[in-house]
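Secondary and tertiary structure notes
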Amino acid sequence: MTGAADLITCSVCGTRYTEDEGRACHVDCPMRGCGHLSCPYCAHEVPAPTRLTRWLGRWFGRRAG
Amino acid sequence: MRQQAVPADLRVVDQGPANVDRSPSSRFRRIALVGNPNVGKSVIFGALTGTYATVSNYPGTTVEVTRAAARVDAAVEVIDTPGVNSLTPNSEDERVTRDILLGGVDSVVQVADAKNLTRALVVSLQLAEASVPFVLVLNMMDEAADRGLVIDAGALSAALGVPVVQTVAVTGHGLKAVAAALSAAAISHYRARYPAAVERGLLRIERLLSRFPVGPRWLALMCLAGDDTLRVSLQQHLAPADLATIEDAHRDAQGQLHGRVGYQLNRARICAAEELARGVTRMRDAGAPAPSVTSAAEVVAGATALAACLLLFLADLGLLPAVASGWPRVAAWACVVAAGVAAYGLPEMRAAVGRWASQPRTGIAVLGVVLYVIYRFVGVFAAGTAVAFLEQTVFGHYLNPLLATCIDSAIAAGPAAGFGAQLTHGVRDLLVGRYGLVTVALTYALAIIFPIVTAFFLCFSVLEDSGYLPRLAVIVNRVFRAMGLNGKAVLPMVLGLGCDTMATLTARIMETRKERVLVTLLLALGVPCSAQLGVILGLFGALPMWAPLVWGAVVLGVLFAVGFLAARLLPGERSDLILEMPPMRQPQLGNIVIKTVGRLEWYLKEAVPIFILGTLVLWALDAAGALERIVRASEPAVVGLLSLPPQAAEAFLVGFFRRDYGSAGIFALFGHGLLTPVQAVVALVTITLFVPCVANFFVIVKEHGWRTAVAMSAFIFPFAFLVGGAVNLALRGIGLP
């Protein structure tokens, strides 16, 4: 199960989706995944979380907290 | 994706599973889960049915529909329908959901995202018009509460006349109440108020549609909106005179509403849904509501920022030397920065900017300010200061000479003749030669493009985080309407500014194959991806101000002309763009940094290997003596038609791999003084309209087949050179340098 905190909010259409839903486009992609997640509603793409961005997320989260 | 029109049969559309007795005497019942995309329908479906679901394509489509027996009663079939934003279909998904409802269901469970209540209520109003008994499930209540949103479910239930259940599906909260509420599903009598022309049309044709198993008002509205997918079914069940009456009513309504019945229906529903939502929601600890009317102070602030930008722009064009330097320039920039800080810090100012950004006239002005600020930041600062430091100082003075010295030392210590000597010279050439991996691939990727795309990705992340992109889509939609194009084409075209390859996949939302091919062609032809746009902006920083204006006018003019022509060749109803408009937000530093770093990681992982591959191909062609022949063969086009130096052919050659790589080649030629401003603009126009990159080409093959992909490239390649040649002639004709 996915908690609200794990959801990604699309900055174009406002749809909230999980990382797995964002990777659904990789199935159809001849490039087999470009390191991006795609909004399942409008397809706006954002970079998929990496170790570096997760670390940055935790760092900024701690600062905000 | 294969699509085909599926006329709805009003009696039986969906046969359901084969092992269930559906005779009139049986207790077989059918419940449909309906809702906007990504509102948690599947989780609620799982809770209502357990795990044994049948997933199949809806007949005649590639849209998947999931169905299973209900957990509480095996004679009840639950159908998980595709997500919809309207039950007057604009897409294959929406058509399938509409057809399932037309096929007859006993009740509907409408799942709503509680924090997007208006969007959900637009569907509720249509379920009410369809006279289908339903239960409204307000899901994601935790996220709504996180945002301080309080929904009075009792008041909503009383207003709609149907049970309203609040859930958090992912945690299981409220799911038992959903199952319990099924037996209380009721028909809602809440009605949206439509324009008088629509209501008159409804009076004329509603009675003709009363024999069908769903609400005649819903069917009548679809007929008035000109939904062609109903035509076959209506012809099967209605007398010719009744069909003529419906056609007359449709024509009259279209005439009175200037051909925009569908738009007026959507607008009326959205207004009704907003009114209903306002009545049942409030903000916890809400302060004063944001003003909906722009105050005088906001107008003064906005106008000052706009005027300051205009003055700076005119100064850059050389038309206003007084603001070109000194304190007037500092004061003008201070106004722009103050407006930016006000928009960042003051909620009222942010809301005002949001309103201006989505209005036709002010939206263009806001777009102009945004583009100008990005141009100054990316084109002047990043491409000027940062690239000069990295390319000339780091790579030019230190890295490349150091590496060349090391390799030369190794060569001097090695064999002086024979195969060994040839090998070491080959390696030197491969690394630091004219087409060396360090001198070309890494220099282009890291010294030229990297700082530029870093600045561009930063700007893009700020726009993304601020909520500006949906407003940009609204403005682009107005241009598309003027071209006569389908409103749905907006999203792929705007997303193409990020990545054309992904945007090509998005073209699937277009309804017909012709529309999908057209959008794909426009994307491949004239929408530069973020990396290419960054490099182009970077070069503009070193060019006179007329250069970006000419480039923008030519590229937009080509897109407009091709789109306008194609829209005439592809007649049909225009559909509306339905997009949730989030409030303008304060961009968060953490989000901006994370998104920018994520995009840069992707760029380094994806683009640099392709740069290396492209450089290897150049090196191999050069080593084999083929590069010179290619350059000579391309001289009639590159030198003759475009009046560019022969070396520009190499930039176009690597442009086949990635268009940003080709643009970087033009950037480097200009940096080395080999191009005049006119030549730079001609080269940039040509590389912008150039053939799609390798990744985009293969996605076009995947989506439309080899023939279409090759045909598109065969059209685009000469077309780009012809447009470049025309720009060359025109600019030289008016005597520009």
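Model, not experiment: these values are computed from the prediction.

Observations concerning helix H21 (residues 513-526) of chain B
Since the α-helix advances by 3.6 residues per turn, residues separated by three or four positions end up pointing in the same direction. All names here are of chain B. With 14 residues, H21 should cover 20 Å at 1.5 Å per step; its first-to-last C-alpha distance of 20 Å lies within 8% of that length. Buried residues dominate H21, accounting for eleven of its 14 residues. Within H21, burial applies to Glu515, Arg516, Leu518, Val519, Thr520, Leu521, Leu522, Leu523, Ala524, Leu525 and Gly526.

So, the environment of Thr596 of chain B
All names here are of chain B. If you trace the backbone, Thr596 turns up in helix H24 (residues 589-623). In this structure the C-alpha to C-alpha distance between Thr596 and Phe460, which are 136 residues apart in sequence, comes to 8.4 Å. At 3.3 Å, the side chain of Thr596 and the side chain of Ser461 are in polar contact.

Things to note about the confidence of the model for chain A
In this model, chain A carries an average pLDDT of 71, and 66% of its residues clear a pLDDT of 70 or more. Below pLDDT 50 for its whole length, residues 1-5 of chain A participates in eight contacts with residues either more than four positions away or in separate chains.

So, the side chain of Arg269 of chain B
One can find Arg269 of chain B in helix H11 (residues 261-280). Setting aside its immediate chain neighbours within four residues, Arg269 of chain B contacts Thr88, Val122, Leu125, Gln126, Glu129, Ala192, Tyr194 and Leu221 of chain B.

Looking at the packing of aromatic side chains
All names here are of chain B. In total, this model carries 19 aromatic pairs over all chains according to the counting rule given. For the ring pair Phe611 and Tyr661, a centre distance of 4.3 Å and an interplane angle of 15° mean the geometry is stacked. Placement of Phe611 in helix H24 and of Tyr661 in helix H28 (residues 659-671) is noted, with a sequence separation of 50 residues between them. An identical accessibility class is assigned to Phe611 and Tyr661; each is buried. Between Phe652 and Phe721, the ring centres sit 5.4 Å apart and the planes meet at 55°, which makes this aromatic pair tilted. Separated by 69 residues along the polypeptide, Phe652 in helix H27 (residues 648-655) and Phe721 in helix H31 (residues 706-733) bring together distant segments of the chain.

Quick notes on the rules
- Residues numbered from 1 in each chain as written.
- Chains lettered and ligands numbered in written order.
- Predicted model: local features only at pLDDT ≥ 70, side-chain atom pairs only at ≥ 80, totals over all residues.
- Heavy atoms only, no water.
- Helix = DSSP H or I, 4+ residues; strand = E, 2+ residues; numbered from the N terminus.
- Expected span 1.5 Å × (residues − 1).
- Buried < 20%, exposed > 50% of the residue type's maximum accessible area, 1.4 Å probe, protein only.
- Polar contact = N/O pair within 3.5 Å; in protein donor to acceptor, adjacent residues only side chain to side chain.
- pLDDT = per-residue confidence, 0-100.
- Contact = heavy atoms within 4.5 Å.
- Phe/Tyr/Trp six-rings, centres within 6.5 Å; stacked < 30°, edge-to-face > 60°.

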